[in-house]
Amino acid sequence: MCDRYGRRHRVASVDAPVEHRMIAVPAGPVTLSDRRTERRWTVEVAPCLLSAHPVTQALYAQVTGGSPSTAQGGRLPVEGVSFWDAARFCDALSEREGLMPVYRIPAEGEESDEIDRDGSADGYRLPTEAEWEHACRAGTDGPRYGPLDEIAWYRGNSEERIREVGGKRPNAWGFHDMLGNVWEWCWDVYDAEVYGGYRVLRGGGWFDEHWSCRASVRRRSHPTFRVDDVGFRLARSVVR
């Protein structure tokens, strides 16, 4: 069966409404860094909302009718989704909840590096990498917000498989799985001059070594790629 975007997927049956909890992220500065270029830059993050954990397969199936993930389980993070899939999901969930969609997205097959975003919309969107890192750090300044084995599923403890969301200790602001389990798509372009439209991934995944599961680590992927350790988390702007 094809989902609402024309992609052929397994169909997941999810009868009861699936909740997705959003947490308020306070305003504040965050300093980002890139080891490849040895560049550092500071961003003032505005207040926003961020989901407590990555989007689950149950929620994704309820909104889209699709089940693209390699490993199946309602409480597992959805994976095997592209940047475009994630953006389309954000708009679909916004429409379902009566919110104004953030993105203006071309049909699948007509995708380019360009995507329009309405900054005044109150709907769901992908976080910027500054919002993501600010929420991940939750007021800390070290590489992680706690001992890695207590807060993250990574190669050293995952038994090389994806795990249900919320199984590890959250950070001080209540966010689960910011590190490990799945990498998360962010809005930002990684380095347009060198990599074109490749988008930023954050957080590390279930198959990564410990050095990839740090608050500052940046990875990149083409927006059309679908990988079994890449998912996403929802954000919303605080519209005044």
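That block above? That's the structure.
Here's what I pulled together on the structure shown here.

Each value, and the rule that gives it
- Residues numbered from 1 in each chain as written.
- Predicted model: local features only at pLDDT ≥ 70, side-chain atom pairs only at ≥ 80, totals over all residues.
- Heavy atoms only, no water.
- Helix = DSSP H or I, 4+ residues; strand = E, 2+ residues; numbered from the N terminus.
- Rg over C-alpha atoms; globule rule 2.2 N^0.38 Å.
- Buried < 20%, exposed > 50% of the residue type's maximum accessible area, 1.4 Å probe, protein only.
- Expected span 1.5 Å × (residues − 1).
- Contact = heavy atoms within 4.5 Å.
- Polar contact = N/O pair within 3.5 Å; in protein donor to acceptor, adjacent residues only side chain to side chain.
- Core = buried A, V, L, I, M, F, W, Y, C linked by side-chain atoms within 4.5 Å.
- Pairing = 2+ DSSP bridges.

Observations regarding the overall build of the chain
Link 1 in the chain: A count of helices and strands for the chain gives 5 helices and 12 strands.
Link 2 in the chain: Since a compact globule built from 240 residues should have a radius of gyration of about 18 Å, the 17 Å found for the chain is in line with a globular shape.
Link 3 in the chain: Along the first, second and third principal axes, the C-alpha atoms of the chain reach 45 × 40 × 35 Å.
Link 4 in the chain: Each of the 240 residues in the chain was classed as buried or not, and the buried ones make up 55%.

Comments concerning helix H2 (residues 83–96)
Link 1 in the chain: Taking 1.5 Å per residue, 14 residues should reach 20 Å; H2 reaches 20 Å between its end C-alpha atoms and fits that length.
Link 2 in the chain: Counting buried residues in H2 gives 12 out of 14 residues, a clear majority hidden from the surface.
Link 3 in the chain: The set of residues buried in H2 consists of Phe83, Trp84, Asp85, Ala86, Ala87, Arg88, Phe89, Cys90, Asp91, Ala92, Leu93 and Ser94.
Link 4 in the chain: Close packing links the buried residues of H2 with helix H1 (57–64), strand E5 (103–104), strand E7 (124–125), strand E8 (183–189) and strand E9 (199–202).
Link 5 in the chain: Put simply, Ser82 is the residue that caps the front of H2, since its side-chain oxygen is 3.3 Å from the backbone nitrogen of Trp84.

Re the nonpolar core
Link 1 in the chain: Formed by 31 residues in total, the largest nonpolar core has its most connected members in Val55, Phe89, Tyr103, Leu126, Trp185, Phe232 and Leu234.
Link 2 in the chain: Those elements that provide at least two residues to this core are H1, H2 and E8.
Link 3 in the chain: The dominant element in this core, judged by the number of residues it contributes, is H2, at 8 residues.
Link 4 in the chain: By size, the runner-up hydrophobic cluster in this structure holds 22 residues, among which are Ala52, Ala152, Leu179 and Val200.

Side note on the side chain of Glu79
Link 1 in the chain: Tracing the sequence through the fold places Glu79 in the loop between H1 and H2.
Link 2 in the chain: Apart from the residues within four sequence positions on either side, Glu79 is in contact with Pro68, Ser69, Thr70, Ala71, Ile162, Val227, Asp228 and Val230.

What to know about the pairing of strand E1 (residues 22–25)
Two faces make up the sheet, and in a regular strand the side chains alternate between them.
Link 1 in the chain: Going residue by residue along E1, you find Ile23 and Val25 tucked away on one face and Met22 and Ala24 left uncovered on the opposite face.
Link 2 in the chain: With 4 bridges joining them, E1 and strand E4 (residues 48–51) adopt antiparallel strand pairing. Within the sheet, the bridge partner assigned to Val25 lies in E4 and is Cys48.

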